Amino acid sequence: MLTSLDPRIARLGLPDSQPTIEPKEALDQFETFEVFHQKKDGTAYAYVGPVHAPSADVAFLFAKEQYSRRFPCTGMWVTPTRAISLTRYVGDTESVYDTLTESLPTHAGAAPDESMQQAEAYARGEEDYAIFHLKKRGKAHVHVGMVRAASPAEALLQAKAAFGEQRPVVNVWVVRWADVLTSDEEDRDIWSTTPEKKYRDAIAYKVQDRIDRFKQEQAASPAN
Amino acid sequence: MYGSASTHDIPANASTGLENEDPQLLAAFEARIARGEKIEPDDYMPALYRKQLIRMIEQHAHSEIIGSLPEGTWITRAPGFRRKMAQMAKVQDEVGHAQLLYSAAETLGKTREDMITDLINGKSKYSNVFNYPTPTWADSNVISWLIDAGAIVNQMANAKGSYGPYCRALERICAEESFHLKYGHDAVVHMATGTPTQRRMMQEALNRWWPPIMTFFGPADKASQHTEILMRWKVKMASNDDCRQQFLDMYVPKILEIGLTIPDPNLRKNEETGRWEYTEPDWEELKRVINGDGPCNKERLAVRRAAEDNGAWVRRALKAKQQAPKYVRPLA
């Protein structure tokens, strides 16, 4: 049995030696989901990082723990990595839209108002896609808006028409909105942090007074 | 928290493999880094760049996981409710850092499954300091303060590196580490300015930890073609010696001002050169311990393995329900 100085480890009764383990099969650690957060009300959602999870619901829980535990957050989106389509990456001063050559698919008979347009779009089997831009390499993708399209490729062309003026655009992510799990406005109290957790903030630790007092005592003590 | 990756670098005599790279792509890659642009996962990158980054980020992730074990075991015995809560929050942060880092390494093409297998089988390394024990609460405090301080020196440098996903992860990690550093300092100051017994405990813990701390950044870098290339590619951002000097500059005064002594009679700052002089750390011991013969190597991996084994049925059950049949690496 494994011996340890640490009684808590010794109690586990772990074996002293074990054969090496076999390589794990794929997805033993689950697939990944990409997470976007909203730092405060009214700001755009921005990419924060991935989580590994067995389902979108669990991914949301992990994401909340991982990405909102320590920083302000007012909303979160989670989507499976495999649901994201992306362009290639260009340089920090370029726009990736400039490298898209295909022209936009045109739709005959523009509708007089937006709700008509929407109704027609749904009738054509189109859906909402969320568009994210990366403005600078090493930074995070930010949500710039929604487009309506029948495929990710078409959504990208729609995005070019809607947001193609922006500069620079290093990389674009396109996600079908139906593949995104979003936090609910009604549940917004889940983002409020209890004020009793100050002990996790650097600012809660003020030791200079104690150090100064100690130094004074040392200076005053006859031993010195 | 983090340990120097460079102690486990590619051997200096190994080939850089650059002769196998497309010269045009390589030139564009180097020009991008020289312009100050970051590299993103889908970009062309030389095999050596990919290999060294996987090694570094993976070791960093393992260090976070293994490093949380000696501190985690002190949660239940931490003196007072507030310190238990804080110690718990710190350990949770460290484990979270590992998740961020595993994902960043994954973007380079090594799966998390493989990283975990390599850790448990002893094939991948982690920061060597965690192969030493924490017999008292004061030892845990030394980790919280000084090991994290060393880690921050390293991480702040690496955050300016060239690989986008690693930079994004480090930005978050550094923000959280600022709490660890203050918390650790607070705990050490509390003990060092406390009762004679507390002071003695703290001094003894520092005496135990000083030699591992001095090896934390690894031996002086050998002048090699690899070092030169990795610095140019902004994979390695500062030499091991420079990191150690920076650490001593920042923390020796803070250790001395609370009445602790440093167990190295040769430690002094040479005012002429501006460099710290010290007794040369025992690099043979470092090598021996890294390769498995340290006081806690076996224990750390056994505990990690037990966690892995105990959770296997949960992962199996969840996976059985999973719809996605194909592995996709994270995007950024």
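Keep in mind it's a predicted model, so treat the numbers as computed, not measured. (Residues numbered from 1 in each chain as written. Chains lettered and ligands numbered in written order. Predicted model: local features only at pLDDT ≥ 70, side-chain atom pairs only at ≥ 80, totals over all residues. Heavy atoms only, no water.)

So, on to the environment of Ala 86 of chain B. Among the secondary structure elements, Ala 86 of chain B is positioned in helix 3 (residues 81–106). By relative accessible area, Ala 86 of chain B is classed as buried at 1%. Taking the C-alpha atoms as reference, Ala 86 of chain B lies 8.9 Å from Ile 75 of chain B; in sequence the two are 11 residues apart. The residues contacting Ala 86 of chain B, other than those within four sequence positions of it, are Tyr 199 and Tyr 205 of chain A together with Phe 179 and Tyr 183 of chain B. (Helix = DSSP H or I, 4+ residues; strand = E, 2+ residues; numbered from the N terminus. Buried < 20%, exposed > 50% of the residue type's maximum accessible area, 1.4 Å probe, protein only. Contact = heavy atoms within 4.5 Å.)

Two aromatic rings are characterised by how far apart their centres lie and by the angle between their planes. Residue and element names in this part refer to chain B. According to the stated counting rule, one finds 21 aromatic pairs over all chains in the structure shown. Relative to Trp 233, the ring of Tyr 49 lies with its centre 6.1 Å away and its plane at 70 degrees, an arrangement referred to as edge-to-face. Of this pair, Tyr 49 sits in helix 2 (residues 47–72) while Trp 233 sits in the loop between helix 8 (225–232) and helix 9 (240–256), and the two are 184 residues apart along the sequence. For the pair Tyr 49 and Trp 233, a shared accessibility class is recorded, and that class is buried. (Phe/Tyr/Trp six-rings, centres within 6.5 Å; stacked < 30°, edge-to-face > 60°.)

Turning our attention to the interface of chain A and chain B. When the parts come together, some accessible area is lost, and that loss is often what is quoted as the size of the interface. Listed by partner, the interface residues are 61 residues for chain A and 69 residues for chain B. Together chain A and chain B conceal approximately 6200 Å² of surface at their shared face, both sides included; 58% is due to carbon and sulfur atoms. Taken as a group, Leu 27, Arg 137 and Tyr 205 of chain A account for 12% of the area that chain A buries against chain B, more than any other trio of residues on that side. Linking chain A with chain B are 10 salt bridges. The salt bridge partner of Glu 37 of chain B is Arg 137 of chain A, with a shortest N-O separation of 3.7 Å. (Buried area = accessible area lost by both parts, 1.4 Å probe. Salt bridge = Lys/Arg side-chain N within 4 Å of Asp/Glu carboxyl O.)

This part covers a nonpolar patch on the surface. Judged by side-chain polarity, Trp 313, Val 314 and Leu 318 of chain B come together as a nonpolar surface patch covering roughly 290 Å² of accessible area. Assignment of secondary structure puts Trp 313 of chain B in helix 11 (residues 297–321). (Patch = residues over 30% accessible without salt bridge, like charges linked within 9 Å, V, L, I, M, F, W, Y side chains within 5 Å. Areas by Shrake-Rupley, 256 points an atom, 1.4 Å probe, with all protein chains shown as cover.)

Time to look at the environment of Ile 190 of chain A. Residue and element names in this part refer to chain A. Residue position: Ile 190 is located in the loop between strand 8 (181–182) and helix 5 (208–220). Given a relative accessible area of 34%, Ile 190 falls into the partly exposed group. For Ile 190 and Ala 56, which are 134 residues apart along the polypeptide, the C-alpha to C-alpha distance reads 18 Å. Excluding anything up to four places from it in sequence, Ile 190 contacts Phe 60 and Lys 64.

This part covers the pattern of salt bridges. The final tally for this structure, using the stated rule, is 43 salt bridges over all chains. In this structure, the salt-bridge partner of Arg 35 of chain B is Glu 37 of chain B, at a minimum N-O distance of 3.3 Å. Residues joined in a network through salt bridges with shared partners are Lys 24 and Asp 28 of chain A together with Arg 304, Glu 308 and Arg 315 of chain B.

Here we take up the confidence of the model for chain A. Residue and element names in this part refer to chain A. Looking at chain A, pLDDT values average 89 and 91% of them are 70 or higher. When pLDDT is averaged over each helix and strand of chain A, the minimum, 69, is found for helix 3 (residues 114–123) and the maximum, 98, for strand 8. Taken together, the stretch residues 104–112 has pLDDT below 50 and engages in 13 contacts with residues farther than four places along the chain or on a different chain. (pLDDT = per-residue confidence, 0-100.)

Turning next to the nonpolar core. Among the nonpolar cores identified, the biggest contains 100 residues, and Tyr 49, Trp 210, Trp 233 and Phe 247 of chain B are the most heavily contacted of them. The residues touching Phe 247 of chain B, leaving out its near neighbours within four places in the chain, are Leu 146, Ala 149, Gly 150, Val 153, Trp 210, Ile 213, Phe 217 and Val 252 of chain B. If you look at the next biggest cluster of nonpolar residues, it comprises 16 residues, including Tyr 45, Ile 84 and Val 170 of chain A together with Ala 332 of chain B. (Core = buried A, V, L, I, M, F, W, Y, C linked by side-chain atoms within 4.5 Å.)

The subject of this paragraph is the packing of helix 5 of chain A against helix 6 (residues 164–192) of chain B. A packed helix pair is summarised by two numbers, namely the angle formed by the two axes and the spacing between the axes. Direction vectors running N to C along helix 5 of chain A and helix 6 of chain B enclose 25 degrees, while the axes themselves pass 10 Å from each other. On the basis of the axis angle, helix 5 of chain A is roughly parallel to helix 6 of chain B. When you trace helix 5 of chain A past helix 6 of chain B, the crossing you get is left-handed. For the pair helix 5 of chain A and helix 6 of chain B, the contacting residues are Arg 210, Ile 211 and Phe 214 of chain A in the first and His 185, Val 189, His 190 and Ala 192 of chain B in the second. (Axes fitted to C-alpha atoms, helices over the stretch in contact; angles between N-to-C directions. Parallel < 35°, antiparallel > 145°, perpendicular 65-115°, else oblique. Left-handed = near helix turned anticlockwise from the far one by under 90°.)

This paragraph deals with helix 8 of chain B. Residues and elements named next belong to chain B. All of the buried residues along helix 8 are His 226, Thr 227, Ile 229 and Leu 230. Viewed along the axis of helix 8, the buried residues span an arc of 170 degrees, placing them on a single side of the element. Summarising the contacts, the buried residues of helix 8 are in contact with helix 2. Phi turns positive, to about 55 degrees, at Lys 234, one or two residues after helix 8. (Arc of directions from axis to C-beta.)

Let's shift gears to unusual backbone geometry. Omega for the peptide link from Arg 167 of chain A to Pro 168 of chain A comes to -15 degrees, which places this bond in the cis form. Relative to the helices and strands, Pro 168 of chain A resides in the loop between helix 4 (152–163) and strand 7 (171–176). Not every positive phi belongs to a glycine, and Phe 30 of chain A is a case in point at roughly 70 degrees. As for its placement among the helices and strands, Phe 30 of chain A is situated in the loop between helix 1 (7–10) and strand 1 (31–38). What makes Phe 30 of chain A buried here is its relative accessible area of 9%. Its identity as a non-glycine residue notwithstanding, Lys 234 of chain B has a phi of 55 degrees, on the positive side. On the secondary structure map, Lys 234 of chain B appears in the loop between helix 8 and helix 9.

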